[in-house]
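Listed below are the residues making up each chain.
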Amino acid sequence: MIKEVTVTGEQATREYGEKIGSLLEGGEIIELVGDVGAGKTTFVKGLAKGLGIDEAVQSPSFTISRVYDGRDGLRLAHYDFYRLDTAGIMADELREMIQDSATVTVIEWAEIVEGVLSKERLTIQFETPTEETRKLILFGDRKLLEKL
Ligand code: ADP
Ligand code: MG
């Protein structure tokens, strides 16, 4: 099952993220694939809102990970492995996060932690047809895709 969505403007990407965030129940793993500037972090800002997180989400590209508390005892663990060549101890942290049923784990540049991720994850590929338009291709986690 594959789903494709085209959004125009940063706000529309946030809103789509918010919609997905509002449907999450905890335990989900979402991998975001796409070039720098494709809109991955923008999407996470909306997703966080849908998880009831008021705090401003910042890109974790320097800190590698950021964790936020949301609605219903859920938390968002947001990773960005762009700057790392090897995940090291971060792979262990990630392994714990994805095993926690109250945590929603979202990962940008997940290649180096591929081995840690379960197959039951939603992958969202971001394409950039124009400066303002983003095409999102969603596949993987069937249970979650059916809710969208
Ligand atoms: P990434 O995390 O993939 O590197 P960011 O979300 O940090 O990307 O940045 C996306 C950039 O693209 C921002 O500067 C944003 O304003 C711009 N942009 C333009 N149109 C869109 C869109 N439809 N969705 C998301 N970002 C967009
Ligand atoms: Mg980013």
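What counts, and at which threshold
Per chain, residues are indexed from 1 in the order of the written sequence. Here every chain gets a letter starting at A, and every ligand a number starting at 1, in the order they are written. Local features in this predicted model are restricted to residues of pLDDT 70 or higher, and side-chain atom pairs are both shown and tallied only at a pLDDT of 80 or more, whereas totals for entire chains, interfaces and linings draw on every residue. The side-chain values count all of the structure's non-hydrogen atoms but skip hydrogen atoms and water molecules. When a carboxyl oxygen of Asp or Glu lies within 4 Å of a side-chain nitrogen of Lys or Arg, that pair is called a salt bridge. Note on conventions: DSSP H or I runs of at least 4 residues are helices, E runs of at least 2 residues are strands, and numbering of each starts at the N terminus. Accessibility here uses a 1.4 Å probe with only protein chains present; expressed as a share of the type maximum, an area under 20% marks a residue as buried, one over 50% as exposed, and anything in between as partly exposed. Within 6.5 Å between ring centres, the rings of Phe, Tyr and Trp (the latter by its six-membered ring) count as paired, and their orientation is classed by plane angle as stacked under 30 degrees, edge-to-face over 60, tilted in between. A pair of strands counts as paired when DSSP detects no fewer than two bridges linking them. The method works on a 1 Å grid over the protein atoms by themselves. A cavity is a set of points holding a 1.4 Å probe that cannot get out, a pocket is an open set with protein on both sides within 12 Å along at least five of seven lines, and residues with an atom within 4 Å of a point line them. Grid points are joined across faces, edges and corners, and a volume is the space filled by probe spheres set on the points. When residues are grouped by polarity, Ala, Val, Leu, Ile, Met, Phe, Trp, Tyr, Cys and Pro land in nonpolar, Asp, Glu, Lys and Arg in charged, and all others, Gly among them, in polar.

Q: Help me understand the pattern of salt bridges, please; the structure alone is not making it clear to me.
A: Side chains bearing opposite charge may pair, as long as their charged atoms lie close to each other. One pass over the structure, following the stated rule, counts 10 salt bridges. For E18, the salt bridge identified is with K49, shortest N-O distance 3.7 Å. Here E18, found in helix α1 (residues 10-23), pairs with K49, found in helix α2 (residues 40-50); they are 31 residues apart in sequence, far enough to count as distant. Residue classification places E18 among the partly exposed positions, given a relative accessible area of 28%. Here R121 and E31 are joined by a salt bridge, their closest N and O atoms 2.8 Å apart. Of this pair, R121 sits in the loop between β5 (103-108) and β6 (122-127) while E31 sits in strand β2 (residues 29-33), and the two are 90 residues apart along the sequence. Here R121 falls in the buried class, since its relative accessible area comes to 11%. Via salt bridges that share partners, E31, E114 and R121 belong to a single interconnected network.

Q: Looking at this structure, I do not really get the packing of aromatic side chains. What am I missing?
A: Aromatic rings considered in pairs are described by the distance between their centres and by the relative angle of their planes. Counted under the stated rule, the structure contains three aromatic pairs. On the basis of an interplanar angle of 10° and a centroid distance of 5.6 Å, the ring pair of Y79 and F81 is categorised as stacked. The same class applies to Y79 and to F81, which are both buried. Ring centres of Y82 and W109 lie 4.8 Å apart, and the angle between their planes is 50°; on these two criteria the pair is classed as tilted. Of this pair, Y82 sits in the loop between β4 (75-80) and α3 (89-99) while W109 sits in the loop between β5 and β6; the two residues are 27 residues apart in sequence, bridging distant segments of the chain. On the basis of relative accessibility, which here comes to 22%, the residue W109 falls in the partly exposed class.

Q: Could you clarify how one ought to interpret the pairing of strand β3 (residues 65-69) in this entry?
A: Successive residues of a regular strand alternate their side chains across the two faces of the sheet. Relative to β4, β3 runs antiparallel, the two being bridged by five bridges. Directly across from D69, in β4, lies its bridge partner R75.

Q: Quick question: what am I supposed to make of the layout of surface pockets here?
A: Gaps between atoms show up when a probe of the same size as a water molecule is rolled over them. For the largest pocket, the calculated volume is near 290 Å³. In terms of lining, the largest pocket is formed by 19 residues, of which the most central are V36, G37, A38, G39 and K40. Every element with two or more residues in the lining of the largest pocket is listed here: α1 and α2. In terms of residues, the lining of the largest pocket owes the most to one element, α2, which gives three residues. Taken together, the residues of the lining of the largest pocket break down into four nonpolar, eight polar and seven charged.

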